[in-house]
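Here's the letter readout for the chains.
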Amino acid sequence: MEEKKFLSDMSLKDVADSKPNKSWSDWDYLLEVTKAASRKYDREKAAMMLQRSCSSSQRQQRLLKEKPLKKPMIDNPYVHPDHIIDTDPRLATNQKSKTIKKKNANKKDKKEKKEEKKKEKQKKKWHGPEPPPNMPLGMKNFITNELHGTEIILVIQKALFATDCSLSHNRLSMPINKIRKKEFLRGDEAAFLETRDKYDHCTVIQCLLIDPELEQFMIGLRMWDMPKRTSKGSSMYVLATPWIQIVDKNKFCEDVVVQVWSFRVGFDLCFALVKVADPPLPPPPPPAEENGASSSRRPGF
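Because the structure is predicted, anything quoted here is derived from the model rather than measured. (Residues numbered from 1 in each chain as written. Predicted model: local features only at pLDDT ≥ 70, side-chain atom pairs only at ≥ 80, totals over all residues. Heavy atoms only, no water.)

Draft legend 1. Spotlight on the overall build of the protein. Within the protein one finds six helices and seven strands. Relative to its full complement of 301 residues, the protein shows a buried share of 28%. Residue pairs in contact within the protein that sit at least 24 positions apart in sequence constitute 60% of those at least 6 positions apart. Carbon together with sulfur atoms contributes 56% to the accessible area of the protein, which is approximately 22,800 Å² in total. (Helix = DSSP H or I, 4+ residues; strand = E, 2+ residues; numbered from the N terminus. Buried < 20%, exposed > 50% of the residue type's maximum accessible area, 1.4 Å probe, protein only. Contact = heavy atoms within 4.5 Å. Areas by Shrake-Rupley, 256 points an atom, 1.4 Å probe, with all protein chains shown as cover.)

Draft legend 2. Examining the state of the cysteines more closely. Evaluated as defined, the whole model comprises zero disulfides. Between C207, a free cysteine, and C270, which holds the nearest cysteine sulfur, the sulfur-to-sulfur gap is 7.0 Å. On the accessibility criterion, C207 (0% relative accessible area) is buried. The class of C270 is buried, set by a relative accessible area of 3%. (Disulfide = S-S within 2.5 Å.)

Draft legend 3. Fine view of the sheet that holds strand β3 (residues 205–210). Ordered by their spatial adjacency, seven strands build an open sheet running β1-β6-β7-β3-β4-β5-β2, and the pairing between neighbours is mixed. A single partner strand is all that each edge strand has here, and the edge strands are β1 (150–159) and β2 (172–175). Taking the axes of each pair of neighbouring strands and ignoring which way they run, one obtains an average angle of 30° across the sheet. Sheet topology note: the strand β6 (residues 257–265)/strand β7 (residues 268–277) ladder contains nine bridges and is antiparallel. Within β7, the residue paired with F263 across the bridge is C270. Contacting β1, β3, β4 (216–226), β6 and β7, helix α3 (residues 137–146) crosses the sheet at an angle of about 170° to β7. (Pairing = 2+ DSSP bridges. Axes fitted to C-alpha atoms, helices over the stretch in contact; angles between N-to-C directions.)

Draft legend 4. Layout of the environment of V265. Here V265 shows up in strand β6. According to the relative accessible area criterion, V265 is partly exposed, its value standing at 28%. The sequence separation of V265 and H148 amounts to 117 residues, and the corresponding C-alpha distance is 6.4 Å. Sequence-distant contacts of V265, defined by excluding residues within four places in its chain, comprise L147, G149 and C270.

Draft legend 5. Quick peek at the environment of N134. Relative to the elements of secondary structure, N134 occurs in the loop between α2 (89–124) and α3. C-alpha separation for the pair N134 and Q259, spaced 125 residues apart in sequence, amounts to 9.7 Å.

Draft legend 6. Geometry of helix α5 (residues 243–250). Of all the positions in α5, only W243, I244, I246, V247 and N250 are classed as buried. When α5 is viewed along its axis, its buried side chains cluster within an angular range of 155° and face the same direction. Residues of α5 that are buried in the fold lie against β2, β3, β4, β5 (234–239) and β7. With its phi angle positive at about 55°, K251 sits one or two positions after the end of α5. (Arc of directions from axis to C-beta.)

Draft legend 7. Structural view of α3. Those residues of α3 that fall on the buried side of the exposure criterion are M139, F142 and I143. Viewed along the axis of α3, the buried residues span an arc of 95°, placing them on a single side of the element. Looking at α3, the residues exposed on the side facing more than 90 degrees away from the buried face are L137 and N145. On its buried side, α3 packs onto β1, β3, β4, β6 and β7. One or two steps after α3, the chain reaches H148, where phi turns positive at roughly 55°.

Draft legend 8. Spotlight on the nonpolar core. Residues M174, F184, L221, Y237, L239, V260 and F271 are the most contacted members of the largest nonpolar core, which totals 31 residues. Looking at this core, the elements that each hand over two or more residues are β1, β2, β3, β4, β5, α5, β6 and β7. Among the nonpolar cores identified, the runner-up in size contains 13 residues, and F142, L154, I210 and V274 belong to it. (Core = buried A, V, L, I, M, F, W, Y, C linked by side-chain atoms within 4.5 Å.)

Draft legend 9. Region of interest: the pattern of salt bridges. Following the criterion strictly, the structure yields 12 salt bridges and no others. One salt bridge connects D164 with K158, and the closest N-O pair in it is separated by 2.8 Å. Per residue, the accessibility class of D164 equals that of K158, and both read buried. Taken together, the salt bridges that share partners define one network made up of D211, E213, E215 and K249. (Salt bridge = Lys/Arg side-chain N within 4 Å of Asp/Glu carboxyl O.)

Draft legend 10. Representation of unusual backbone geometry. With an omega dihedral of -5°, the bond running from E130 to P131 counts as a cis peptide bond. Locating P131 in the fold gives a position in the loop between α2 and α3. Not every positive phi belongs to a glycine, and N170 is a case in point at roughly 50°. Within the fold, N170 resides in the loop between β1 and β2.

And the structure:
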């Protein structure tokens with residue numbers, strides 16, 4: 001928009017107050033018209049400045065009315081109030097805190113949904129036949145005849161999770177609430193696993209473990225407490241180092257169903273690992289849809 005000019009066109013009314021003299025020359029008339037134009041310019045400029053001052057004061061009064069509002073008043077009805085930027089710093093702070101709360105709530109919702117999906121996946125995971133099969137006869141004979149083992153007890157039957165086959169985790173988890181018979185530990189052993197050493201590390205019981213091929217390993221049994229934000233947490237027994245070597249040797253992977261049995265050689269606690277089943281086969285892919293229109297069309301058409 002072009003700025004309004006202060007001086008409009010001159011007319012006879014603007015020089016009505018002048019009193020010409022017969023002795024005036026053309027230059028005198030021109031000088032008188034110039035003076036009249038100067039007076040008109042001053043009047044129009046003063047009127048313009050007054051108008052601007054009034055509009056500024058009106059704008060200040062309008063802003064004072066807008067301060068207690070969350071969204072400013074707008075003159076343009078086609079502009080949505082959400083598209084207006086608030087100039088009040090208090091409103092900006094409130095909007096920022098609301099944005100942060102909304103982001104945190106979204107993160108929390110995503111985390112909860114992720115946990116729910118994880119739980120649903122765990123529920124759908126097949127953990128082997130029920131009732132669980134007995135220990136293979138060859139392994140049982142090896143334990144009783146070769147090692148003179150006694151008190152054979154099924155500790156757990158489970159499908160391996162991704163963390164059970166992970167090099168970085170290097171442990172087999174056995175949640176306490178999934179243990180078939182907690183009496184595989186004696187009272188002093190269970191109490192010892194609940195203690196910690198002077199470095200605040202989990203205490204360990206070194207045990208003999210026999211893998212499915214009857215190879216023997218010395219492995220560490222620990223008890224871990226797993227705190228959770230959403231619940232009281234859970235505890236589990238773990239078979240640690242060198243668990244990953246057993247995984248690699250037997251080519252275990254996720255969803256392989258295994259059994260862990262305990263037995264005693266004298267007073268010493270020992271374990272036997274049995275492979276029950278391979279991972280279930282994935283469902284076959286859906287058949288490809290045939291395009292009847294394209295198959296019925298002859299070449300050249």
